[in-house]
Amino acid sequence: VALLGNVGNGMIADSPEAVKTLTAMMLECEKVASVLGLPLRQSAESRIRQTLQARAHVMSMLHDFRRGKPLELQPLWRSFEELAQVVGVQLPITSALVSVAALREQSLEFPNRDQSTL
């Protein structure tokens, strides 16, 4: 969400829609942990609230993006997506957001290219 919006925690925290999207994503991923029998000591809502309290913080992936560095998104996503598939958990919201973030990352590969052709 930070990468897609190019915003830090404070702006995310001020957007109920963004927080709702983050929560939906986290709940999808919690299903994977649940199926695997992994206990989570903190709810998705609590983790999001705690993270967004650091309002001036910029997520590391967004920081890398802003500096033109390669992102770790695809390797992390592929591992988690495969795990979810193995345990039979669907991740439609997370998958959709990662797909759009991958497009954003591709824009780094062609910085001088006309954006209408990407």
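This report concerns the structure included in the present document. Note on numbering: residues in each chain are counted from 1, in written sequence order. With the structure being a predicted model, the display of local features is reserved for residues of pLDDT at least 70 and the display and counting of side-chain atom pairs for 80 or more, all residues being used for whole-chain, interface and lining totals. The side-chain figures draw on all heavy atoms in the structure; neither hydrogens nor water molecules are used.

1. Considerations on the pattern of salt bridges
Salt bridge, as used here, is a side-chain nitrogen of Lys or Arg placed within 4 Å of a carboxyl oxygen of Asp or Glu. Under the counting rule described, the total for this entry stands at two salt bridges. One salt bridge in this structure joins arginine 55 and aspartate 14, with 2.7 Å as the shortest N-O distance. Taken together, the residues arginine 55 in the loop between α4 (44–52) and α5 (60–66) and aspartate 14 in the loop between α2 (9–13) and α3 (16–35) connect sequence positions 41 residues apart. Three exposure classes are used, based on accessible area relative to the maximum for each residue type with a 1.4 Å probe and protein chains only: buried under 20%, partly exposed in between, and exposed over 50%. For arginine 55, a relative accessible area of 42% corresponds to the partly exposed category. Here aspartate 14 falls in the exposed class, since its relative accessible area comes to 54%. Measuring nitrogen to oxygen at the nearest pair gives 3.0 Å for the salt bridge that ties glutamate 30 to arginine 47. With glutamate 30 in helix α3 and arginine 47 in helix α4, this pair connects stretches of sequence that are 17 residues apart. With relative accessibility at 22%, the residue arginine 47 sits in the partly exposed group. Helix and strand definitions follow DSSP, with helices as H or I runs of at least four residues and strands as E runs of at least two, each counted in order from the N terminus.

2. Digging into α3
The terminal C-alpha atoms of α3, which comprises 20 residues, lie 29 Å apart, in line with the 28 Å expected from a rise of 1.5 Å per residue. Every buried residue of α3 is listed here: Ala18, Leu22, Thr23, Met25, Glu28, Glu30, Val32 and Ala33. Just downstream of α3, glycine 37 is the residue with a positive phi angle, here 75°. Expected helix span is given by 1.5 Å per residue-to-residue step, counting one fewer step than there are residues.

3. Let's talk about α4
Inspection of α4 places Ala44, Ile48 and Leu52 among the buried residues, and these make up the whole buried set. The buried residues of α4 occupy an angular sector of 55° when the element is viewed end-on, so they sit on one face. Residue contacts are defined here by distance: any two heavy atoms, one from each residue, within 4.5 Å place the two residues in contact. Tucked into the core, α4 has its buried residues touching α2 and α3. Each direction from the helix axis to a C-beta atom contributes to the arc, which is the arc of those directions.

4. Notes on the environment of leucine 62
Relative to the helices and strands, leucine 62 resides in helix α5. For the pair leucine 62 and leucine 3, spaced 59 residues apart in sequence, the C-alpha to C-alpha distance is 4.9 Å. Excluding residues that lie within four positions of it along the chain, leucine 62 makes contacts with Ala2, Leu3, Asn6 and Val7.

5. Overview of the nonpolar core
Judged by nonpolar contacts, the single largest core of 21 residues is most densely connected at Leu3, Ile12, Leu71, Leu73 and Leu91. Of all the elements in the fold, those that place two or more residues in this core are α1 (2–5), α3, α4, α5, α6 (73–87) and α7 (92–109). With sequence-adjacent residues up to four places away left out, leucine 71 is seen in contact with Leu3, Met61, Asp64, Phe65 and Glu105. As used in this record, nonpolar core signifies buried Ala, Val, Leu, Ile, Met, Phe, Trp, Tyr and Cys residues forming a set joined through side-chain atoms within 4.5 Å.

6. Focus on a nonpolar patch on the surface
A surface patch of nonpolar side chains, about 240 Å² in accessible area, is lined by Leu36, Leu38 and Leu83. Tracing the chain through its elements places leucine 83 in helix α6. A residue counts toward a patch only above 30% relative accessible area and without a salt bridge, and it is joined to like-charged neighbours within 9 Å or, for Val, Leu, Ile, Met, Phe, Trp and Tyr, to nonpolar neighbours within 5 Å. All accessible-area figures derive from a Shrake-Rupley calculation using a 1.4 Å probe, and residue coverage is judged against the displayed protein chains alone.

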